[in-house]
Amino acid sequence: MANAEHVTAVDVHLMQGLAQRVTADRPDLVNSDASYGELAWNWGKGCAADGASWRRRMWYSGEELVAWGWVHLPRRVRRSDGWVRDVTGAYLAYQVHPGHAGLVDEVIDWYDGTAAGLERTVLPGAADEYALQRWAAHGYETDPAGLGDDGTWTQLNERDLTDLEQPALPDGFRFRTADEAGPEAAVQAHLDAWSPSTYTAESYQGVRRTPAYRGDLHILVEAPDGTMAASTIMWLDEANKSVEFEPVGTHPGYRRRGLARAMLLHGMRQARAAGANHATVACLGAPGHPQARGLYYGVGFRELSRDVPLVKAPTPG
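Model, not experiment: these values are computed from the prediction.

Asker: Please set out the environment of A189 residue by residue, giving values where relevant.
Answerer: In this fold, A189 is placed in helix α7 (residues 183-194). A sequence separation of 25 residues divides A189 from R214, and the C-alpha atoms of the two residues are 17 Å apart. In contact with A189, not counting residues within four places along its chain, are L220, M228 and S231.

Asker: Can you explain the sheet that holds strand β12 (residues 228-237)? Please cite residues and give values.
Answerer: In spatial order, the strands read β10-β11-β12-β13-β14-β9-β15; together these 7 strands make up an open sheet with mixed pairing. Looking at strand neighbours, the two that pair on one side only are β10 (174-177) and β15 (302-306), the edges of this open sheet. Taken pair by pair, the neighbouring strands of this sheet meet at an average axis angle of 30°, ignoring direction. With 4 bridges connecting them, β10 and strand β11 (residues 218-222) associate as antiparallel partners. Counterpart to T177 in the pairing with β11 is I219. Helix α9 (residues 259-273) contacts β9 (154-160), β10, β11, β12, β13 (242-250) and β14 (278-284) of the sheet and is inclined by roughly 30° relative to β12.

Asker: Account for the domain arrangement of the chain, naming residues and giving values.
Answerer: The assigned domain composition of the chain is domain 1 (9-148 + 307-312) and domain 2 (159-305). For domain 1 versus domain 2, the distance between C-alpha centres works out to 24 Å. Summed over both sides, the interface of domain 1 with domain 2 buries roughly 2,000 Å², with 63% coming from carbon and sulfur. Taken together, the connections running from domain 1 to domain 2 amount to 0 salt bridges. Counting only elements with at least two residues in the side of domain 1 that touches domain 2, the list comes to α1 (9-25), α2 (36-50) and β4 (75-78). When residues in the side of domain 1 that touches domain 2 are grouped by element, the largest group, 10 residues, is from α2. Looking at the side of domain 1 that touches domain 2 residue by residue, the class counts come to 9 nonpolar, 9 polar and 6 charged.

Conventions and cut-offs
- Residues numbered from 1 in each chain as written.
- Predicted model: local features only at pLDDT ≥ 70, side-chain atom pairs only at ≥ 80, totals over all residues.
- Heavy atoms only, no water.
- Helix = DSSP H or I, 4+ residues; strand = E, 2+ residues; numbered from the N terminus.
- Contact = heavy atoms within 4.5 Å.
- Pairing = 2+ DSSP bridges.
- Axes fitted to C-alpha atoms, helices over the stretch in contact; angles between N-to-C directions.
- Domains from an automatic or database assignment.
- Buried area = accessible area lost by both parts, 1.4 Å probe.
- Salt bridge = Lys/Arg side-chain N within 4 Å of Asp/Glu carboxyl O.
- Nonpolar A, V, L, I, M, F, W, Y, C, P; charged D, E, K, R; others polar.

So this is what it looks like as structure tokens:
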């Protein structure tokens, strides 16, 4: 059984359930934008501004969700600096349970029909050889720009939560949680780290509405002058006892002081206290983007999986 409509919070909860089942057996097959935390983050921060341009379809075996597709259609993007851009292509996030791999052809056919006439992009996992063959059979090709030195492909990194270093902050800095600091400070911390950004107070309200969000696992670093100098959200997957960091950012005026490193170590300790024994974090994997990868490798993360950027030219629809 399958159906198609806009993406809701209930849908995201079901998608997260599929992510948990795939993670339990084949974590290397969890697609980009289909992990437990990434689903919550992407829906929460974008539902208010971009939700009208989202379409989804879900496939069931009995009452169990076994595949889904989430298409991002053309839309207008506005950033905090006043910059406006029209996105003219389509992007698909999706996941198919490996026990129902044959459904990938249905996902592709649905995507091609939904986004006919548009350039289409997708990011299947490099370890999913069957899916890569099927995408190629439907006319999708590797995106040369996406695989270049400054490419946009993503790698997922992991580590266990044993033997954690003691975090060390510079004098006068301290850890806070979003519950303690409040919504305004949490939003400003993100805007400062990622400026210019599409993030708003409304975006944060969407993030807080996701069932996976916990304010006590939303960590900030407060500077002596009261500025929230760094922040991260941790998404706790209780079924797999794993925590995912998404996003991780530092105010440009406070970089290269060890704040992000200390925040990650502190966050992992908090996650362990909450019941996790494993952590993941994603970053751009291309050679031209070494900063985040170096940070994560420096606190013990190593690559688990990566995605493959594919593109298909517009076809009449």
